[in-house]
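# Chain and residue survey
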Amino acid sequence: MIRILFFYVLLLAACGYAGRRGGAPERCVAAALIAATLATWAAAIGFHGSRAGHFIEVEYVVLAIDALLVLVLLAVALCADRFWPLWMTALHAFGVVGHVAKAIAPEILPNVYQAAHVFSAYPGLVLLIWATRRHQLRLRRTGHDASWSICWRPSIPRRRRSAPTV
């Protein structure tokens with residue numbers, strides 16, 4: 001119970017900090033993490049009742065939510081002008097691999113299945129805090145920090161038209 005409470009406190013701290021002080025990629029990831037957590041919570045209550053979080057069998061609804069989260073993180077990683085979303089995507093993909101491994105080999109111990117989730121969740125939140133802090137440092141140092149890569153149209157600065165010289 002303590003680890004769950006710790007996770008929610010860390011989630012709220014990381015996502016709150018990213019939402020308030022982060023750039024667009026940090027805010028997008030924070031929103032995706034909150035949405036995935038709420039969806040997982042609702043799915044656990046709706047489909048599993050009191051067995052939620054015991055990691056005895058594969059939770060296919062949670063697998064679908066985690067896979068969708070990985071796709072969102074991958075989209076952010078492809079469009080962001082940051083390196084950390086790739087790490088976040090890899091961490092959460094590890095959790096999805098844990099689901100798939102449990103589905104392929106049901107004899108995997110519940111503790112191993114749970115460890116795959118813990119390994120993907122907690123470091124990802126710490127990474128989000130670190131990324132938001134790095135964004136703040138870049139803003140302080142240079143005054144700006146490009147959020148999206150040059151191939152992403154909204155991030156391309158528009159040039160002002162200069163007055164014609166006569």
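Up top is the structure these notes are about.
All of the points below concern the structure found in this document. (Residues numbered from 1 in each chain as written. Predicted model: local features only at pLDDT ≥ 70, side-chain atom pairs only at ≥ 80, totals over all residues. Heavy atoms only, no water.)

With that settled, consider the overall build of the protein chain. Within the protein chain, the secondary structure is distributed over five helices and zero strands. Taken from the N to the C terminus, the helices and strands of the protein chain come in the order α-α-α-α-α. Within the protein chain, the proportion of its 166 residues that are buried is 40%. Partitioning the intrachain contacts of the protein chain with sequence separation of at least 6 by distance along the chain shows that 72% fall at a separation of at least 24. Accessible area of the protein chain: about 10500 Å², with a carbon and sulfur share of 69%. (Helix = DSSP H or I, 4+ residues; strand = E, 2+ residues; numbered from the N terminus. Buried < 20%, exposed > 50% of the residue type's maximum accessible area, 1.4 Å probe, protein only. Contact = heavy atoms within 4.5 Å. Areas by Shrake-Rupley, 256 points an atom, 1.4 Å probe, with all protein chains shown as cover.)

So, on to the nonpolar core. Ranked by internal contacts, the top residues of the largest apolar core, which has 29 residues, are Val-29, Leu-33, Trp-84, Met-88, Leu-125 and Leu-128. Contributions of two or more residues to this core are made by helix H1 (2-21), helix H2 (24-48), helix H3 (60-79), helix H4 (84-104) and helix H5 (110-142). With seven residues, the single largest contributor to this core is H2. In this structure Met-88 touches Val-29, Leu-33, Leu-73, Gly-124, Leu-127 and Leu-128, once residues within four positions along its chain are discounted. (Core = buried A, V, L, I, M, F, W, Y, C linked by side-chain atoms within 4.5 Å.)

On the surface, Arg-20, Arg-21, Arg-133 and Arg-140 cluster together into a patch of positive charge. At the level of secondary structure, the elements contributing two or more residues to the positive patch comprise H1 and H5. Inspection of the secondary structure puts Arg-20 in helix H1. (Patch = residues over 30% accessible without salt bridge, like charges linked within 9 Å, V, L, I, M, F, W, Y side chains within 5 Å. Salt bridge = Lys/Arg side-chain N within 4 Å of Asp/Glu carboxyl O. Lys, Arg positive; Asp, Glu negative; His and termini not counted. Charge placed at Lys NZ, Arg CZ, Asp CG, Glu CD.)

Turning to the pattern of salt bridges, a few remarks are in order. Per the stated rule, a full pass over the model turns up three salt bridges. A salt bridge links Glu-26 to Arg-82; the shortest N-O distance between them is 2.9 Å. Residue Glu-26 is found in helix H2, and its partner Arg-82 is found in the loop between H3 and H4; the two are separated by 56 residues along the sequence. In this pair, the class of Glu-26 matches that of Arg-82, namely buried. Via salt bridges that share partners, Glu-26, Arg-82, Arg-138 and Asp-145 belong to a single interconnected network.

Following the criterion strictly, the structure yields five aromatic pairs and no others. On the numbers, 5.8 Å between centres and 15 degrees between planes, the contact of Trp-87 with Trp-130 is stacked. Here the residue Trp-87 occupies a position in helix H4, and Trp-130 occupies one in helix H5, the gap between them amounting to 43 residues. Look at Trp-87 and you get partly exposed, because its relative accessible area is 40%. Every member of this aromatic cluster is reached through a ring pair, and the members are Phe-6, Phe-7, Tyr-8 and Tyr-122. (Phe/Tyr/Trp six-rings, centres within 6.5 Å; stacked < 30°, edge-to-face > 60°.)

A few words on the side chain of Arg-138. Position of Arg-138 relative to the elements: it lies in helix H5. Relative accessible area serves as the criterion here: at 18%, Arg-138 is assigned to the buried category. Every residue in contact with Arg-138, bar those within four places of it in the chain, is listed here: Arg-82, Gly-143, His-144 and Asp-145.

Time to look at the environment of Ile-104. Tracing the sequence through the fold places Ile-104 in helix H4. Given the relative accessible area of 68%, Ile-104 is considered exposed. Expressed as a C-alpha distance, the spacing of Ile-104 and Val-58, which sit 46 residues apart in the sequence, is 9.7 Å.

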